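Chain by chain, the residues run as shown.
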Amino acid sequence: MSKTRVIGLDIGTTAVRAVELEFSGRGRVRSAPVLLKYGQVSLPPGAVQDAEVAEPQTVATALRQLWKQAGFTTRDVVIGVGNARVAVRELDLPMLPLPQLRASLPFQVQELLPMPVDDAFLDFLPTGEVEGPSGRMVHGLLVAASRATVQSNVMAVESAGLRPQMVDLNAFALLRAVGIAEQDKVIAVVDIGARVTTVVVSARGVPRLVRTVATGGQDVTDALAGHMSIATPEAESLKREIGIGYHVAADLQAGAAAVADVTRGLVDSVRNTFVYFQGNNPGAAIDVVFLTGGGSHLPGIGQYLATACRLPVSVGDPLAGLRVVGEIAGHLPPPSGLAVPVGLAYGVAA
């Protein structure tokens, strides 16, 4: 039986984290992937800003430390991108072979992009066929990533002596990580990071919508620190004590209002994304929402989102489809923080 080992590497705002998965078998004859190794190393403030590497050498140093601590067996990695400088748009193109479609993108998409074509890496994910004025068309998602965003992440990885084998979209990784068992449903994944929240909707296994919201859990912490005149580490701890939607003591009410204000804006953006999707996809109502990311640990955020969107909300578990063996089982962080690296590793084996 053939075996393949893949490392998914997530470069986040506050930390770099990676998982090594082993895949056995081919095609439909496959065993559950095995989680062999996991590691995480914190990053100093400012090394990654708005989900983009700002200090490549600082990140490279953290990556070298990560590889030393975790003992990964290869330097080949899959990395992800996902921030406001990565645009995902629905698009209909003429019915052509996929290589020709991708080659034609620079000539067809300029009006759809918030950046010059020459400044973007372009890709196209076919999702179906539609009838157009001139016959059959390919419907799909256009992905345009700022070259600067991709290159800064790749530079940091290569400076650490690692070899990026593929650059994937974090949103697609999230769907692979927590949506594998939900192929017959319309699902949404809301990944609340430190500075960026990724919202992705999939209809029966096919990605349909991706949106990036420039707000995350660190913004809640910052607002609380400002209102309470306390340091960031103290605000991070207090944030989880206050939560959202809970009664608090009188001396914490100003802080609770700050937490609620930022969280309300984030949830409103997520709800508006769902309204947009359902308005443009009649009959494709969202069945369930999965929460992932460090920001999902804020007490009450799941119930608040469920109430605002009138949808069932669950915590996404990227470990559900994996086998975890050996000592690593007792040293893993909360699963919600593993969704991106696990999904990136799945991408190569898909």
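These lines cover the structure that appears in this document, whether it is placed above or below. (Residues numbered from 1 in each chain as written. Predicted model: local features only at pLDDT ≥ 70, side-chain atom pairs only at ≥ 80, totals over all residues. Heavy atoms only, no water.)

## Topic: empty space enclosed by the protein
Logical step 1: Under the defined criterion, the tally for this structure stands at three cavities of 30 Å³ or more.
Logical step 2: Taken as a whole, the largest cavity spans an internal volume of roughly 70 Å³.
Logical step 3: Along its surface, the largest cavity is lined by Ile192, Gly216, Gly217, Val220, Lys239, Thr263, Leu266, Gly294, Gly295, Leu298 and Ile301.
Logical step 4: Residue assignment for the lining of the largest cavity shows that the elements contributing at least two residues are helix H5 (217-228) and helix H7 (253-280).
Logical step 5: Looking at the lining of the largest cavity, its residues break down into five nonpolar, five polar and one charged. (1 Å grid on protein atoms, 1.4 Å probe; cavity = no way out; pocket = protein on both sides within 12 Å on 5 of 7 lines; lining within 4 Å. Points joined across faces, edges and corners; volume = space filled by probe spheres on them. Helix = DSSP H or I, 4+ residues; strand = E, 2+ residues; numbered from the N terminus. Nonpolar A, V, L, I, M, F, W, Y, C, P; charged D, E, K, R; others polar.)

## With respect to the nonpolar core
Logical step 1: Residues Leu9, Val16, Val59, Leu63, Leu66 and Trp67 are the most contacted members of the largest nonpolar core, which totals 63 residues.
Logical step 2: Setting aside chain neighbours within four positions, we find leucine 66 in contact with Leu9, Val16, Arg17, Ala18, Gly39, Gln40, Val41 and Phe72.
Logical step 3: Among the nonpolar cores identified, the runner-up in size contains 38 residues, and Ala188, Ile192, Leu238 and Cys309 belong to it. (Core = buried A, V, L, I, M, F, W, Y, C linked by side-chain atoms within 4.5 Å. Buried < 20%, exposed > 50% of the residue type's maximum accessible area, 1.4 Å probe, protein only. Contact = heavy atoms within 4.5 Å.)

## Here we look at unusual backbone geometry
In most cases, non-glycine residues show a negative phi, while peptide bonds are predominantly trans.
Logical step 1: The phi dihedral of alanine 51 falls on the positive side, at around 65°, and the residue is not glycine.
Logical step 2: Relative to the assigned elements, alanine 51 resides in the loop between strand E5 (48-49) and strand E6 (52-53).
Logical step 3: Its relative accessible area of 16% is what places alanine 51 among the buried residues.
Logical step 4: In this model, serine 229 sits at a positive phi of 55°, which is unusual for a non-glycine residue.

## Some points on the environment of threonine 197
Logical step 1: Of note, threonine 197 is situated in strand E13 (residues 197-203).
Logical step 2: In sequence terms threonine 197 and threonine 292 are 95 residues apart; their C-alpha atoms lie 9.7 Å from each other.
Logical step 3: Other than its neighbours up to four places away in sequence, threonine 197 contacts Val190, Asp191, Ile192, Arg211, Thr212, Val213, Thr215, Gly216 and Leu266.
Logical step 4: In terms of polar contacts, threonine 197 uses its side chain to reach the backbone carbonyl oxygen of threonine 215, at 2.7 Å. (Polar contact = N/O pair within 3.5 Å; in protein donor to acceptor, adjacent residues only side chain to side chain.)

## Digging into the packing of aromatic side chains
Logical step 1: This structure, assessed with the given rule, holds two aromatic pairs.
Logical step 2: With centroids separated by 4.6 Å and ring planes inclined at 55°, the aromatic side chains of tryptophan 67 and phenylalanine 72 adopt a geometry described as tilted.
Logical step 3: With a relative accessible area of 10%, phenylalanine 72 lands in the buried category. (Phe/Tyr/Trp six-rings, centres within 6.5 Å; stacked < 30°, edge-to-face > 60°.)

## Observations concerning the sheet that holds strand E8 (residues 86-94)
Logical step 1: Read across the open sheet, the three strands follow the order E8-E10-E9; overall the sheet is antiparallel. Both outer strands of the open sheet, E8 and strand E9 (120-132), are each paired with one neighbouring strand and no more. Strand after strand, the sheet turns through a mean of 20° between neighbouring axes, direction not considered.
Logical step 2: As judged from the nine bridges shared by E8 and strand E10 (residues 135-146), these two strands associate in the antiparallel manner. (Pairing = 2+ DSSP bridges. Axes fitted to C-alpha atoms, helices over the stretch in contact; angles between N-to-C directions.)

## Quick notes on the layout of surface pockets
Logical step 1: Estimates place the volume of the second largest pocket at around 780 Å³.
Logical step 2: Lining the second largest pocket are 38 residues, with Thr14, Arg17, Gly193, Ala194 and Gly294 positioned closest to its centre.
Logical step 3: Of the residues belonging to the lining of the second largest pocket, the class tally is twelve nonpolar, 19 polar and seven charged.

## Quick notes on the side chain of serine 336
Logical step 1: Along the polypeptide, serine 336 turns up in the loop between strand E17 (323-324) and helix H9 (339-349).
Logical step 2: In this structure serine 336 touches Thr292, Gly293, Ser296, His297, Val315 and Gly316, once residues within four positions along its chain are discounted.

## Focus: the packing of helix H1 (residues 56-70) against helix H3 (residues 147-159)
Logical step 1: For the pair H1 and H3, interaxial distance at closest approach is 8 Å and the crossing angle is 45°. As far as their axial angle goes, H3 and H1 are oblique. Seen from above, H1 lies across H3 with right-handed handedness. Contact with H1, carried on its side by Pro56, Gln57, Val59, Ala60, Leu63 and Arg64, involves Met155, Ala156, Val157 and Ser159 of H3 and no other residues of that element.
Logical step 2: Its residues placed into classes, the contact of H1 with H3 shows seven nonpolar, two polar and one charged. (Parallel < 35°, antiparallel > 145°, perpendicular 65-115°, else oblique. Left-handed = near helix turned anticlockwise from the far one by under 90°.)

## Brief notes about the pattern of salt bridges
Logical step 1: This structure, assessed with the given rule, holds 14 salt bridges.
Logical step 2: As a salt-bridge pair, arginine 17 and aspartate 10 come within 3.1 Å of each other at their nearest N and O atoms.
Logical step 3: Note that glutamate 52 is salt-bridged to arginine 85, the shortest N-O span being 2.8 Å. With glutamate 52 in strand E6 and arginine 85 in the loop between strand E7 (76-81) and E8, this pair connects stretches of sequence that are 33 residues apart.
Logical step 4: Classification of glutamate 52 by relative accessible area gives buried; the value is 16%.
Logical step 5: The network of salt bridges with shared partners includes Arg5, Glu20 and Glu22. (Salt bridge = Lys/Arg side-chain N within 4 Å of Asp/Glu carboxyl O.)

## Regarding the sheet that holds E13
Logical step 1: Pairing is mixed in the open sheet, where five strands are placed in the order E14-E13-E12-E15-E16. Sheet topology places strand E14 (206-213) and strand E16 (313-315) at the edges, where each strand pairs with a single neighbour. Strand-to-strand twist in this sheet, taken as the mean axis angle between neighbours without regard to direction, amounts to 20°.
Logical step 2: Bridge analysis of strand E12 (residues 186-192) against E13 gives seven bridges, and the strand direction is antiparallel. Paired with aspartate 191 across the two strands is threonine 198, which belongs to E13.
Logical step 3: Packing of helix H4 (residues 170-178) onto the sheet brings it into contact with E12, E13, E14 and strand E15 (288-292), and relative to E13 it is tilted by some 60°.
Logical step 4: With respect to the sheet, helix H8 (residues 301-309) is in contact with E12, E15 and E16, its orientation differing from that of E15 by roughly 150°.

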